[in-house]
Amino acid sequence: MRYKDAMIMVFYSWLHSLTFSLIALLLSWYDYSHVYASCTLHLSEDRGRTKFAVFTVVFHATSFALSLLTLCFTYSKVLKVARFHCKRIDIITVQTLLLLVDIHPSVKQRCLMEQKRRKRRATKKICIFIGSFIFCFAPYVITRLAELLPVVRVSPQWGIASKCLAYGKPASDPFVYSLLRQQYKNALVNMVNKLLRRDLYPSSGHSNSLDTENDCSLQRIS
């Protein structure tokens with residue numbers, strides 16, 4: 001990511017937070033909500049319901065929807081790069097198999113299986129990243145938009161659950177992003193084995209170059 005793009009994103013984040021916070025504060029739309037068990041956007045009286053509804057829709061459109069679009073666009077670029085590396089490595093693998101005439105059939109089969117697995121690996125990771133974002137934030141956003149309708153009543157149990165789910169996204173990110181990398185998986189398995197006092201078998205020193213490049217690309221945009 002270029003420094004200019006990073007500065008634009010940071011500036012937009014601060015401007016977004018400052019603008020919507022000040023507007024809600026000046027219009028007295030901040031209050032304690034028993035539904036969400038926290039101080040949040042809350043309209044205590046029916047007066048100004050239309051303005052509050054417009055404010056809420058714009059707020060979630062410029063936060064959740066815009067973030068989701070940016071996430072999908074950025075990861076689509078990463079997926080193109082990952083597929084390009086897959087294609088390059090596949091060509092090298094096929095050329096190597098053609099040169100090694102005396103190679104054992106089981107080794108050839110394992111190379112071809114890894115070739116197929118490599119094509120699905122980056123797509124799987126990106127789907128998990130985007131899916132976790134939608135899974136954690138979508139229930140809360142949909143609930144806040146649905147409660148704008150006068151006929152909708154949100155129960156405190158669901159309100160608190162959706163709020164906790166949204167707060168749980170930053171807490172789960174280190175585990176989601178780390179455990180998808182083979183190096184972290186191996187380190188976690190070794191730690192568990194040491195705690196359980198199991199015998200450790202030396203792991204193979206071979207690391208897939210595509211997996212490393214994809215992980216680096218995914219971490220740079222996270």
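Per an unreviewed UniProt entry, the protein chain is named G-protein coupled receptors family 1 profile domain-containing protein, and its organism is Anguilla anguilla.

Colleague: Residue-level account of the UniProt feature "transmembrane region" (unreviewed entry) in the protein chain, with values.
Modeller: The feature "transmembrane region" (unreviewed entry), as annotated in UniProt, sits at residues 12-32, 52-75 and 126-146 in this numbering. The span residues 52-75 carries 100% helix and 0% strand; its end-to-end C-alpha distance comes to 34 Å. In residues 126-146, helix accounts for 100% and strand for 0%; the two terminal C-alpha atoms are 29 Å from one another.

Colleague: Residue-level account of the side chain of serine 38, with values.
Modeller: Relative to the helices and strands, serine 38 resides in strand E2 (residues 38-41). Those residues within four positions of serine 38 in sequence are excluded, and the remaining contacts are Asp31, Tyr32, Ser33 and Lys163.

Colleague: Explain the pattern of salt bridges residue by residue, including any values.
Modeller: Pairing is possible between side chains that carry opposite charge, provided their charged atoms lie close to one another. Applying the stated criterion across every chain, the model contains 2 salt bridges. Arginine 144 is paired through a salt bridge with glutamate 147; the nearest N and O atoms lie 2.6 Å apart. Taking relative accessible area as the criterion, arginine 144 reaches 4% and is therefore assigned buried. A salt bridge links lysine 169 to aspartate 173; the shortest N-O distance between them is 2.6 Å. Pair noted here: lysine 169 and aspartate 173 are both in helix H4 (residues 156-179), with a separation of 4 residues, about one helical turn. Using a relative accessible area of 6% as the deciding quantity, one classes lysine 169 as buried.

Colleague: I'd love a proper account of the packing of aromatic side chains, names of residues and values included.
Modeller: In total, this model carries 8 aromatic pairs according to the counting rule given. With a centroid separation of 5.4 Å and an interplanar angle of 85°, the aromatic rings of tryptophan 29 and phenylalanine 52 are classed as edge-to-face. Highlighted residues: tryptophan 29 in the loop between helix H1 (3-26) and strand E1 (30-33) and phenylalanine 52 in helix H2 (residues 49-99), separated in sequence by 23 residues. Neither tryptophan 29 nor phenylalanine 52 differs from the other in exposure class; each is buried. Through a chain of ring-to-ring contacts, the aromatic side chains of Phe20, Trp29, Phe52, Phe55 and Phe59 assemble into a single cluster.

The rules behind these values
- Residues numbered from 1 in each chain as written.
- Predicted model: local features only at pLDDT ≥ 70, side-chain atom pairs only at ≥ 80, totals over all residues.
- Heavy atoms only, no water.
- UniProt positions renumbered as here; feature names shortened; annotations may be inferred.
- Helix = DSSP H or I, 4+ residues; strand = E, 2+ residues; numbered from the N terminus.
- Contact = heavy atoms within 4.5 Å.
- Salt bridge = Lys/Arg side-chain N within 4 Å of Asp/Glu carboxyl O.
- Buried < 20%, exposed > 50% of the residue type's maximum accessible area, 1.4 Å probe, protein only.
- Phe/Tyr/Trp six-rings, centres within 6.5 Å; stacked < 30°, edge-to-face > 60°.

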